[in-house]
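Descriptive structure summary
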Number of protein chains: 2
Amino acid sequence: MASMATYFVKTPSPSPSFPKTFNTHFSPAPRLSFPLGSKPRTRQRLRISNALIEPDGGKLVELFVEESKKGEKKREATSLPRVKLSRIDLQWVHVISEGWSSPLRGFMRESEFLQTLHFNSLRLEDGSVVNMSVPIVLAIDDAQKRLIGESTRVALVDSDNNLIAILKDIEIYKHHKEERIARTWGTTAPGLPYVDQAITNAGNWLIGGDLEVIEPIKYHDGLDRFRLSPAELREEFTRRNADAVFAFQLRNPVHNGHALLMTDTRRRLLEMGYKNPILLLHPLGGYTKADDVPLSWRMKQHEKVLEDGVLDPETTVVSIFPSPMHYAGPTEVQWHAKARINAGANFYIVGRDPAGMGHPIEKRDLYDADHGKKVLSMAPGLERLNILPFKVAAYDKSQGKMAFFDPSRQQDFLFISGTKMRTLARNKENPPEGFMCPNGWKVLVDYYDSLVPADSGKVPEAVPV
Amino acid sequence: MASMATYFVKTPSPSPSFPKTFNTHFSPAPRLSFPLGSKPRTRQRLRISNALIEPDGGKLVELFVEESKKGEKKREATSLPRVKLSRIDLQWVHVISEGWSSPLRGFMRESEFLQTLHFNSLRLEDGSVVNMSVPIVLAIDDAQKRLIGESTRVALVDSDNNLIAILKDIEIYKHHKEERIARTWGTTAPGLPYVDQAITNAGNWLIGGDLEVIEPIKYHDGLDRFRLSPAELREEFTRRNADAVFAFQLRNPVHNGHALLMTDTRRRLLEMGYKNPILLLHPLGGYTKADDVPLSWRMKQHEKVLEDGVLDPETTVVSIFPSPMHYAGPTEVQWHAKARINAGANFYIVGRDPAGMGHPIEKRDLYDADHGKKVLSMAPGLERLNILPFKVAAYDKSQGKMAFFDPSRQQDFLFISGTKMRTLARNKENPPEGFMCPNGWKVLVDYYDSLVPADSGKVPEAVPV
């Protein structure tokens, strides 16, 4: 449990970075009869590993340099070739360093890259298989490759040249972009957001290796306290005495249909015999495309949803998932699920067309809306995770609230599309009462109000989940 | 062993379709001290399953209708909706029906299609995993789908409306062509031969189901006797008392570099302690692109190679692999290897850029030349297969023969490219003595001589392996 030891070094008191100030609903008092900090460490570890699903590879990876060695590492880095990280690269360092991608210990070497592309999984030395569906790679260009020369390690720095990490035992291999794109997205059509942002203009080489990260990644945007690491989430779930954790990945405002689904999931888990299922409401916090609602606005909206009591704060943990978004549908939903196993979730809610988007150049969805949940249910390395398919919720006019769609009285239901929601919010109109809590809706209206429409008058579109 | 029973029904004497007439070198007398036919059947079965690698899924699939039920099936078929098979579809029926794709029992349903695209493998009911890297699917168009309506089975007929098979318990699902192409080839560039031939103009639906094949597929091209099924090959390897079978997949003429490699492989296997390693020289017989040397010419060339003693007929089985060619590099090489497990091979020779080709629109190879063998060595479901990487052979001017390349005396070696070989053969010139046996070379010259050059003067190019 070296990773847990690292964790305790990093955060000497039980949960100092757990959200306290933003909203009390986000961090209810521990429900255990004895506070975590009062138990001997060995006992804590046992309880953690007994109660929660085991991380991929058996132990959670954490890749931070021990306090006592930081000076040495910083001195060493001054003599190493430097690679400058983009914003998205830095998000991946964040992801890898906290163990979301356990058992990965750094940016992928070619063997991991190829297994990811071809098999969406990695075979470990003991023959077991873990899921790994999106390439987590670092690109460098010809000049950087020349600069690195025969060095076996490089220093990774941010845009201000601050040292972020050392990458050691490096391997440099060709960045076959077209093949990476085709195998990850199932298309090479121009206009895929992540491709445009992070691949097309990236270097022609990939550099893999093991990470030694100097400090936990922070963004200083007022939201860092919501960025709980997998170890911190596991500790929180243990504090709350969770016997089931169900994760809900989202990158859009929460409406009452989502809330209904989450509440209903808890009900089903209780029926199954679980005593205290905890919801991990887990908005994605890394790169998203321009027409998604930005993280800060989404967090405000989620806050209101909890304040208004739409979700029960006692049984909900809101935290930010630091991964960038690929919009790679059935391939990416596996990553979204796998990362949550590492954070302690053993149930994963999957909806229609997860991580999907419109085809960039054709008038259709990029992915078959049902493929995501099908692929997820068959994916290697995810056998331990319970997949909970999303029921369809819509606005039930007869009840004046969001309800699960009942095909036998189809006429009673109103489907409010992302386009419809966006148009309403932009025009400062209200949706039907019961669609979203009023304070949550107001955040959305305020967001669109804050935008300066482009010349075309086209306003970014928010699509539910 | 229902499949073996089916086999014995199909071929009541031990190996009636094994090549006898084409060239005795192709079918040396059994080397066992007791002929197979004289042993009780139970003993034979035990010996087969003990000596040879187990087929994927534990038993070899064979999907032929029993003789006694043919009449009934034919009558049933007359009342079923009909789907007409293309030449390539028919080749896939051949492949599936003989068990090359064991444990597949028919054209893929969506679950198998998705697992193939995303994971290059199928998870079986017992939790075990078999490799399956290329989609084996049957496309139908809107009109055919309408015609099928609610029927649960269809009749598959050839271009002359002869009944080939019944497909039962059918499932019709969308043919997402772009995604299929991108995930299988790692590109969607126009000009991929199989895509142009079999996907672009194919229907927008796929129909999966279980096959009941009326008769073994025959082509009546004089080469059917070389088309041994996996069961027949297994029987032949057992007759020869093989304790190792090493497969060599090829779609090009055999030169002495290949022969050296195959001979050397046998030597290494003997050194490893095997007493009687048998080579399966296994030219691909299904669809190939227009500029590959056609099967009939390749078979003539291979015949000469054995006649001239370049390969030892005593330890070589030449047979035709009925699969169409995808030219899908690292994805396809897994299929080539997996199918040979089902035919009894436990060693597979893999070369540089297997199943590769030039990029259809860029001036480069489509695949990284090393990816094929890397991906093969990591592929799920192929752990049981021993991968033998291809050593590089070139013409050694100092010895006047093909030899393994020795980088320490680079200047002695001449690499004869496919382009060079083609130019020589087209011009009726001879390659350096020792490059290919003279009679084999003559076949190649005759082939190019038989071609009417196109207006451009461009002649199809033969690329070694």
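Residues numbered from 1 in each chain as written. Chains lettered and ligands numbered in written order. Predicted model: local features only at pLDDT ≥ 70, side-chain atom pairs only at ≥ 80, totals over all residues. Heavy atoms only, no water.

Identification of chain A as sulfate adenylyltransferase from Prunus persica is taken from an unreviewed UniProt entry. Database annotation for chain A, UniProt heading Subcellular location (unreviewed entry): "Plastid, Chloroplast". (UniProt positions renumbered as here; feature names shortened; annotations may be inferred.)

Quick notes on the overall build of chain A
The helix and strand inventory of chain A stands at 15 helices and 15 strands. In chain A, of all internal contacts separated by at least 6 residues, the share reaching a separation of at least 24 is 76%. In the form shown here, chain A has an accessible surface area of approximately 18200 Å², with 49% of it arising from carbon and sulfur atoms. (Helix = DSSP H or I, 4+ residues; strand = E, 2+ residues; numbered from the N terminus. Contact = heavy atoms within 4.5 Å. Areas by Shrake-Rupley, 256 points an atom, 1.4 Å probe, with all protein chains shown as cover.)

A word on the confidence of the model for chain A
All names here are of chain A. Averaged over all residues, the pLDDT of chain A is 87; the fraction at 70 or higher stands at 86%. Low pLDDT, under 50, characterises residues 1-50; the stretch is placed with 83 contacts to residues that sit more than four places away or in other chains. With a pTM of 0.88, the predicted complex shows an ipTM of 0.88. (pLDDT = per-residue confidence, 0-100.)

Brief notes about the domain arrangement of chain A
Residues and elements named next belong to chain A. Once the domains are mapped, chain A shows domain 1 (67-213) and domain 2 (224-450). The gap between the C-alpha centroids of domain 1 and domain 2 is 29 Å. For the pairing of domain 1 and domain 2, the buried interface totals around 2700 Å² over both sides, and the portion due to carbon and sulfur atoms is 66%. Counting every contact that joins domain 1 to domain 2 gives zero salt bridges. Applying the counting criterion to the domain 1 and domain 2 interface returns 16 residue pairs in polar contact (both at pLDDT 80 or more). Secondary structure elements with two or more residues in the side of domain 1 that touches domain 2: helix H4 (87-98), strand E3 (129-131), helix H7 (177-185) and helix H8 (193-198). (Domains from an automatic or database assignment. Buried area = accessible area lost by both parts, 1.4 Å probe. Salt bridge = Lys/Arg side-chain N within 4 Å of Asp/Glu carboxyl O. Polar contact = N/O pair within 3.5 Å; in protein donor to acceptor, adjacent residues only side chain to side chain.)

Considering the interface of chain B and chain A
Counting from both sides, the interface comprises 34 residues of chain B and, opposite them, 34 residues of chain A. Carbon and sulfur atoms supply 49% of the area buried between chain B and chain A, which totals about 3000 Å² over both sides. When the buried surface of chain B facing chain A is broken down by residue, Phe119, Arg183 and Met378 of chain B rank first, second and third, together holding 23% of it. Along the contact surface separating chain B from chain A lie six salt bridges. As a salt-bridge pair, Arg123 of chain A and Glu383 of chain B come within 3.0 Å of each other at their nearest N and O atoms. Here chain B is connected to chain A by 24 residue pairs in polar contact (both at pLDDT 80 or more). Mapped onto the side of chain B that touches chain A, the elements with two or more residues apiece are helix H5 (110-119), helix H7 (177-185), helix H12 (329-342) and helix H13 (371-378) of chain B. Partitioning the side of chain B that touches chain A into residue classes produces 11 nonpolar, 13 polar and 10 charged. (Nonpolar A, V, L, I, M, F, W, Y, C, P; charged D, E, K, R; others polar.)

Examining the relation of the copies chain B and chain A
Overlay of chain B on chain A (RMSD 0.0 Å): rotation 180 degrees, translation along the axis 0.0 Å. Between the two chains, the operation in question is that of a two-fold axis. Of all interface residues in chain B, 100% are interface residues in chain A too; the two copies therefore contact each other through one and the same surface. (Least-squares fit on C-alpha atoms with pLDDT ≥ 70 in both.)

Digging into the pattern of salt bridges
Tallied over the entire structure, the rule returns 62 salt bridges over all chains. One continuous salt-bridge network, built from bridges that share partners, spans Lys73, Glu76, Arg153, Lys168 and Glu212 of chain A.

A look at the sheet that holds strand E14 (residues 401-404) of chain B
Residues and elements named next belong to chain B. A sheet is described by the order of its strands in space; here three strands give the open sequence E14-E13-E15, paired in antiparallel fashion. In the strand order of this sheet, the two ends are held by E14 and strand E15 (413-414), each with one partner. Here strand E13 (residues 393-396) runs beside E15; their pairing, made up of two bridges, is antiparallel. When the bridges of E15 are listed, Tyr395 appears paired with Leu414. (Pairing = 2+ DSSP bridges.)

A few points about the nonpolar core
Counting residues in hydrophobic clusters, the biggest one holds 85 residues, and the most contacted among them are Phe107, Ile136, Leu156, Leu211 and Trp335 of chain B. Residues from two domains meet in this core; each of domain 1 (67-213) and domain 2 (224-450) of chain B gives at least three. If we skip the residues at most four places from it in the chain, Trp335 of chain B touches Trp92, Val95, Trp100, Ser101, Asn131, Met132, Ser133, Val134, Ile136, Phe321 and Ser323 of chain B. In this structure, Leu104, Val154, Val317 and Val375 of chain A belong to the second largest nonpolar core, which totals 83 residues. (Core = buried A, V, L, I, M, F, W, Y, C linked by side-chain atoms within 4.5 Å. Buried < 20%, exposed > 50% of the residue type's maximum accessible area, 1.4 Å probe, protein only.)

Digging into the side chain of Lys177 of chain A
All names here are of chain A. Within the secondary structure layout, Lys177 lies in helix H7. No salt bridge is formed by the buried Lys177, whose closest oppositely charged neighbour, Asp142, lies at an N-O distance of 9.1 Å. Here Lys177 is in contact with Ile199, Thr200, Asn201, Ala202, Gly203 and Asn204, once residues within four sequence places are set aside. (Lys, Arg positive; Asp, Glu negative; His and termini not counted.)

Concerning the packing of aromatic side chains
Tallied over the entire structure, the rule returns 26 aromatic pairs over all chains. Note on Tyr274 of chain A and Phe347 of chain A: the rings are 5.5 Å apart at their centroids and 85 degrees apart in plane angle, and the pair reads as edge-to-face. Residue Tyr274 of chain A is found in the loop between helix H10 (256-271) and strand E9 (277-283), and its partner Phe347 of chain A is found in strand E11 (residues 347-350); the two are separated by 73 residues along the sequence. On the basis of relative accessibility, which here comes to 24%, the residue Tyr274 of chain A falls in the partly exposed class. Both rings, one in Phe321 of chain B and one in Trp335 of chain B, keep their centres 6.0 Å apart while their planes meet at 40 degrees; by these two values the pair is tilted. Placement of Phe321 of chain B in the loop between strand E10 (316-318) and H12 and of Trp335 of chain B in helix H12 is noted, with a sequence separation of 14 residues between them. Trp335 of chain B shares its class with Phe321 of chain B; the two are buried. (Phe/Tyr/Trp six-rings, centres within 6.5 Å; stacked < 30°, edge-to-face > 60°.)

Quick notes on the sheet that holds strand E13 (residues 393-396) of chain A
Residue and element names in this part refer to chain A. The antiparallel open sheet is built from three strands, whose spatial order is E14-E13-E15. One side of each edge strand has no neighbouring strand; the edge strands of this open sheet are strand E14 (401-404) and strand E15 (413-414). Across the sheet, H10 touches E13 and E14, and the angle it forms with E14 is around 50 degrees. (Axes fitted to C-alpha atoms, helices over the stretch in contact; angles between N-to-C directions.)

Considering the pairing of strand E7 (residues 205-213) of chain A
Both faces of the sheet carry side chains from a regular strand, because those side chains alternate between them. All names here are of chain A. Of all nine residues making up E7, nine are buried, and the element is well covered by its neighbours. Across two bridges, strand E4 (residues 139-140) lies against E7 in antiparallel orientation. Across the sheet, residue Ile140 finds its bridge partner in E7, namely Trp205. Looking at chain direction, strand E6 (residues 163-174) and E7 are connected through eight bridges and run antiparallel.

Considerations on the environment of Ser97 of chain A
Residue and element names in this part refer to chain A. Assignment of secondary structure puts Ser97 in helix H4. According to the relative accessible area criterion, Ser97 is buried, its value standing at 0%. In sequence terms Ser97 and Pro216 are 119 residues apart; their C-alpha atoms lie 7.7 Å from each other. The contact partners of Ser97, leaving out residues within four places of it in the chain, are Val61, Glu62, Leu63, Phe64 and Val213. Polar side-chain contacts of Ser97 include one of 3.0 Å to the backbone oxygen of His94.

So, the UniProt feature "domain: Sulphate adenylyltransferase catalytic" (unreviewed entry) in chain A
The positions that UniProt labels "domain: Sulphate adenylyltransferase catalytic" (unreviewed entry) are, in the present scheme, residues 225-446 of chain A. Regarding residues 225-446 of chain A, the helix share stands at 36% and the strand share at 16%, and the terminal C-alpha atoms are separated by 24 Å.

Points about the environment of Leu311 of chain A
All names here are of chain A. Along the chain, Leu311 turns up in the loop between helix H11 (295-307) and strand E10 (316-318). Judged by its relative accessible area of 3%, Leu311 is buried. Between the alpha carbons of Leu311 and Ser398 there is a distance of 23 Å; along the sequence they are 87 residues apart. Every residue in contact with Leu311, bar those within four places of it in the chain, is listed here: Ala259, Met262, Thr263, Leu279, Leu281, Val305, Leu306 and Thr316.

A short note on the packing of helix H12 (residues 329-342) of chain A against helix H13 (residues 371-378) of chain A
Residue and element names in this part refer to chain A. Two numbers describe how H12 lies on H13: the axes approach to 8 Å, and their chain directions differ by 55 degrees. The pairing of H12 with H13 is recorded here as oblique in orientation. In terms of crossing hand, the pair formed by H12 and H13 is right-handed. Judged by residue contacts, Pro330, Val333, Gln334 and Ala337 of H12 engage His371, Gly372, Val375 and Leu376 from H13. (Parallel < 35°, antiparallel > 145°, perpendicular 65-115°, else oblique. Left-handed = near helix turned anticlockwise from the far one by under 90°.)

A closer look at helix H9 (residues 230-239) of chain A
Residue and element names in this part refer to chain A. Of all 10 residues in H9, 10 are buried, a share of seventy percent or more. Of the residues making up H9, those classed as buried are Pro230, Ala231, Glu232, Leu233, Arg234, Glu235, Glu236, Phe237, Thr238 and Arg239. Of the residues one or two after H9, Asn241 is the one with positive phi, at around 65 degrees.

Quick word on the side chain of Thr265 of chain B
All names here are of chain B. Here Thr265 lies in helix H10 (residues 256-271). Judged by relative accessible area, Thr265 falls into the buried class, the value being 2%. Excluding anything up to four places from it in sequence, Thr265 contacts Phe246, Ile349 and Leu388.

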